[in-house]
Amino acid sequence: AIVVARRPPPTRLWLSALHAPMLLDSVRAALASRSQTLLPSLHAEGTDCYRLFHGTTEGEPGCTLERFGDLLLWQTFRDPPDMDPQELLPRLRDLVEDETGVPLRAVHWNARQKRQRSREGVLVPPGAPLLAAEHVGSEIGLKYRIDVPPPGRDPNLYLDFRAARRWLAANSEGRDVLNAFAFTCGAGVAALAGGARHVTNLDFSQSALDVGRENARLNGLPAGAFECVCGDALPALRQLAGLPTNTDRRSRGGRGRGGGRAGNRRASGRGGGGASSLAPRLRQRAFDVVVLDPPTWTKTAAGAVDLVRDYQSLFKPCVLATRPGGTVLAVNHVASVELDEWVDSLERCAKKAGRPLEDVTVLPPEQDYPSPDGKHPLKMALARVAAG
């Protein structure tokens, strides 16, 4: 189904728009490269959620094309093509079906920049297509609820994080796992499906956690081992690590010496925003695996998150909450942050906190996120805490 908004023909298009014929040619080339080996291997393992076109490195920066089960999602982050979406969307769907042989029931355009959605006289994205009431996508055999994303917001599943979920599914058996900034709990689902003893999902968005619980139910995972905590993450992380929080310091009337910046980050993954309550009071606990995938920057009543200038204030409590020999799966998706410098900052932070790292293994995104120079914007590091 292709549902578009009923409106008069647009009087003008964006300036500096992408040229639609060139876009279609670039998408065709990307599909051809994936159809030979990558897509068959993903389908064979039970994955039907993946990126079909990575515009930044495949010819058209500022747009992406992704499959989520029956949904084809086209996203624009800059100026969209110079073609009416009522014409372009069916052509994208036909192109994907012809090149891959995958039938798709719905195609949707998600304009990520506000000015694409609301400026007077500028094209507005079509209305959202209708999907099944319980539409799901699959990844390495696990099911995830997939909704059409609200205008300008992220889909329910971060596809570039598949490599991390794959690692968790293969390395969580018998372990206690903390999933911070859990969003819809994809990492927690993968860990519990991989045999984790208990998973704690931490996020500021109750609605995102509700989707996470639904994801656990879809996969038949035990609800008793799948804990969801709603609240700001930094106070929660500091409590789990046994560190004072900003609230603790204010109540004592002093600044305290908890180390790092006690800013609280809003806990809804990378995209999102909005107000949240402080985390409920948590006791100090230790985990075998801690997943840290924060947003780029955000500010709440408890403090701020800044992945460029102050990643350490997030990483320190995670290291302290990790058992000796355990692993922090740390994530930074800021393109301007250099991988080597970031890894070095993790090692220095852990050493200063008295929990030196045994080693750090970089986990690159998978092949549907090509990077000719190997410098992926998304950086994932498996930081193993020394056992002694």
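You'll find the structure just up there.
Residues numbered from 1 in each chain as written. Predicted model: local features only at pLDDT ≥ 70, side-chain atom pairs only at ≥ 80, totals over all residues. Heavy atoms only, no water.

## Regarding the overall build of the protein chain
Each helix and strand counted, the protein chain has 11 helices and 15 strands in total. Burial statistics for the protein chain: of 388 residues in total, 56% are counted as buried. Only carbon and sulfur atoms are counted for the fraction: they give 50% of the accessible area of the protein chain, which is about 16,500 Å². (Helix = DSSP H or I, 4+ residues; strand = E, 2+ residues; numbered from the N terminus. Buried < 20%, exposed > 50% of the residue type's maximum accessible area, 1.4 Å probe, protein only. Areas by Shrake-Rupley, 256 points an atom, 1.4 Å probe, with all protein chains shown as cover.)

## Some points on the sheet that holds strand β10 (residues 287-292)
Strands sit in the order β9-β8-β7-β10-β13-β15-β14 across an open sheet of seven strands; the sheet is mixed. Either end of the sheet is taken by a strand with one partner, and the two such strands are β9 (226-230) and β14 (357-362). Shown here is a sheet whose adjacent strand axes are inclined to one another by a mean of 15 degrees, direction ignored. Bridge analysis of strand β13 (residues 322-332) against strand β15 (residues 379-385) gives six bridges, and the strand direction is antiparallel. Bridge pairing links Ala330 to Ala381 in β15. Against the sheet, helix α6 (residues 186-193) contacts β7 (176-180), β8 (198-203), β9 and β10, and its axis sits at roughly 180 degrees relative to β8. (Pairing = 2+ DSSP bridges. Axes fitted to C-alpha atoms, helices over the stretch in contact; angles between N-to-C directions. Contact = heavy atoms within 4.5 Å.)

## A look at the packing of aromatic side chains
Within this structure, the stated rule accounts for three aromatic pairs. With a centroid separation of 5.4 Å and 35 degrees between ring planes, the pair formed by Trp74 and Trp109 is classed as tilted. Taken together, the positions of Trp74 in strand β3 (residues 71-76) and Trp109 in strand β4 (residues 106-111) put the pair 35 residues apart, joining distant regions of the chain. With respect to burial, Trp74 and Trp109 carry one shared label: buried. Seen from their ring centres, Tyr311 and Trp342 are 5.5 Å apart, and the 85 degrees between their planes marks the pair as edge-to-face. Here Tyr311 is found in the loop between β12 (303-306) and α10 (312-320), whereas its partner Trp342 is found in helix α11 (residues 339-352), with 31 residues between them in sequence. Judged by its relative accessible area of 2%, Tyr311 is buried. (Phe/Tyr/Trp six-rings, centres within 6.5 Å; stacked < 30°, edge-to-face > 60°.)

## Some points on the pattern of salt bridges
The tally for this structure, following the rule as stated, stands at 24 salt bridges. In this structure, Asp176 and Arg197 form a salt bridge, with 3.0 Å as the shortest nitrogen-oxygen distance. Taken together, the residues Asp176 in strand β7 and Arg197 in the loop between α6 and β8 connect sequence positions 21 residues apart. Between Arg309 and Asp306 there is a salt bridge, with the nearest N and O atoms lying 2.8 Å from each other. One salt-bridge network, in which partners are shared between bridges, spans Glu45, Glu139, Arg162, Arg165, Arg166, Glu366 and Asp368. (Salt bridge = Lys/Arg side-chain N within 4 Å of Asp/Glu carboxyl O.)

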